[in-house]
Amino acid sequence: MDAPGPWGTGPFILSKGYSSIQNDPAFINKKPLEATWLTVKEERTPFVVLDANRNYWNKKRGPRLSSVVFRNDLSPEEALHLCTTTEGQVDIVTQVDPKDARKVIGSKFAKIVTEKGNQVLAGVFNRFKQDVDFNDRNLRLAINLAVDREELIRRGFYGYADEVTALTPPWAADHPKDIVPRAYDPENARSIMKKANYPEGRPLKLAATSKNKSIAKLIAKQIKTTLQMDVDVINIPAGNEVNWMRILAEKKLVPSWDILLANASALFYEDTPVFFHRELFGESGALRAGPELPQFNKLFQRMATEVDKRKRVEIAKEIDRYVFKEALALFLCVPQSLYAVNKHVQFQPYRTTFELAETEVTKDHWSRRTHPGRA
């Protein structure tokens, strides 16, 4: 929406303000035309107001609030401070950094609400590289065994993340339960690394956006300690992220990094390879950093053309087993979604989106104390 409403037929109607995102295409293929969209600009009014849609068809679901105000005039730090130290200013803060969870837990005004995440964090191997052969499974497997995921979750995410075997989250309908995450195995990692013919003395180049900067440093330290090799961490400046992602998506130039820490998101509980695996390994994958993988394409095509849901789920599981067996990425974890929520707000989180239809406030909420009888 790029103009004030009223707009919408869902639980709420956009009545004031607007939120607009400008995307530019990055072209992956010309025939057939395939592209991914890169967000280059976000334009939002200071306040966006949603009013309850009294004609919403599902009365049992909601809405249970008369109005919702999104504040875009605050930084994440300011919003968290207001939510945890006062009331009447900010009731819900989304995307709370795990390191700030203690501030919320210790607040007399707010509580921490968590939900399983819909983003998978993985390291993308640059198989386009000429001086290092990341098409060698031994190299990919050695690096996977050199990372201690339990320590990564404990220190990097303060416990607010879940291990993942490959790319399918444990909560997904098509998660294969017959395989488990690879354990940290430094001795085996060093043994397999000797078979990979990695150039002696060459530093490994690990790239990450500002979002994953601290995680990259932890991983770099683990790899350096385990494989006894130097690791250079490349920090991608916030202003250059779009250009870096365009280079990777369009595949006209070979990226300078060896491994890129990247996030892929899903919007549904099933057919997750469409969101995760395709993005990293598929023909149209914006995060694919290497030649196409015929075996993957064959499996993905089978899944995409299967109309029987049960069979499609089994093929999706087979895809996850395949990428796990081949160690096609540096498989890490699924960060959880964290919210700071006023103690008098009953907020129902979702794994795949941010919804407020079922959210309601108690009689002790500041809005009802100020306006008795009003929710």
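Residues numbered from 1 in each chain as written. Predicted model: local features only at pLDDT ≥ 70, side-chain atom pairs only at ≥ 80, totals over all residues. Heavy atoms only, no water.

## Quick notes on the sheet that holds strand 10 (residues 204-209)
Right, on to step 1. Spatially, six strands are ordered 9-13-8-12-10-11 in an open sheet, and the strand pairing comes out mixed. Of all the strands in the sheet, just strand 9 (161-163) and strand 11 (231-236) have a single pairing partner and so form its edges. Between one strand axis and the next, the sheet turns by 30° as a mean value, whatever way the strands run.
Right, on to step 2. Judged from the six bridges that link them, strand 10 and strand 11 form a sheet pairing that is parallel. Bridge pairing links Lys-205 to Asp-232 in strand 11.
Right, on to step 3. Relative to the sheet, helix 3 (residues 137-145) contacts strand 8 (119-125), strand 10, strand 12 (259-265) and strand 13 (329-335), its axis offset from that of strand 13 by approximately 35°. (Pairing = 2+ DSSP bridges. Helix = DSSP H or I, 4+ residues; strand = E, 2+ residues; numbered from the N terminus. Axes fitted to C-alpha atoms, helices over the stretch in contact; angles between N-to-C directions. Contact = heavy atoms within 4.5 Å.)

## What about helix 5 (residues 186-194)?
Right, on to step 1. Within helix 5, burial applies to Ala-189, Ile-192 and Met-193. Considered in projection along helix 5, the buried side chains sweep an arc of 105° and stay on one side of the axis. In helix 5, the exposed positions angled more than 90 degrees off the buried face are occupied by Glu-187 and Lys-194.
Right, on to step 2. Tucked into the core, helix 5 has its buried residues touching helix 3 and helix 6 (213-227). (Buried < 20%, exposed > 50% of the residue type's maximum accessible area, 1.4 Å probe, protein only. Arc of directions from axis to C-beta.)

## What about the side chain of Arg-202?
Right, on to step 1. Inspection of the secondary structure assignment puts Arg-202 in the loop between helix 5 and strand 10.
Right, on to step 2. Arg-202 gets classed as buried once you look at its relative accessible area, which sits at 13%.
Right, on to step 3. Reaching out from Arg-202, the side chain makes a polar contact with the side chain of Asp-131 at a distance of 2.7 Å.
Right, on to step 4. Ignoring anything within four residues of it in the chain, the contact list for Arg-202 reads Lys-129, Asp-131, Val-132, Met-229, Asp-230 and Asp-258. (Polar contact = N/O pair within 3.5 Å; in protein donor to acceptor, adjacent residues only side chain to side chain.)

## A word on the sheet that holds strand 7 (residues 110-115)
Right, on to step 1. Across the sheet, three strands lie side by side as 6-14-7; this open sheet has antiparallel pairing. Where the open sheet ends on each side, the last strands, each with one partner, are strand 6 (92-93) and strand 7.
Right, on to step 2. One ladder, built from six bridges, connects strand 7 with strand 14 (residues 337-342); its direction is antiparallel. Each bridged residue has a counterpart across the sheet, and for Val-113 the counterpart in strand 14 is Tyr-339.

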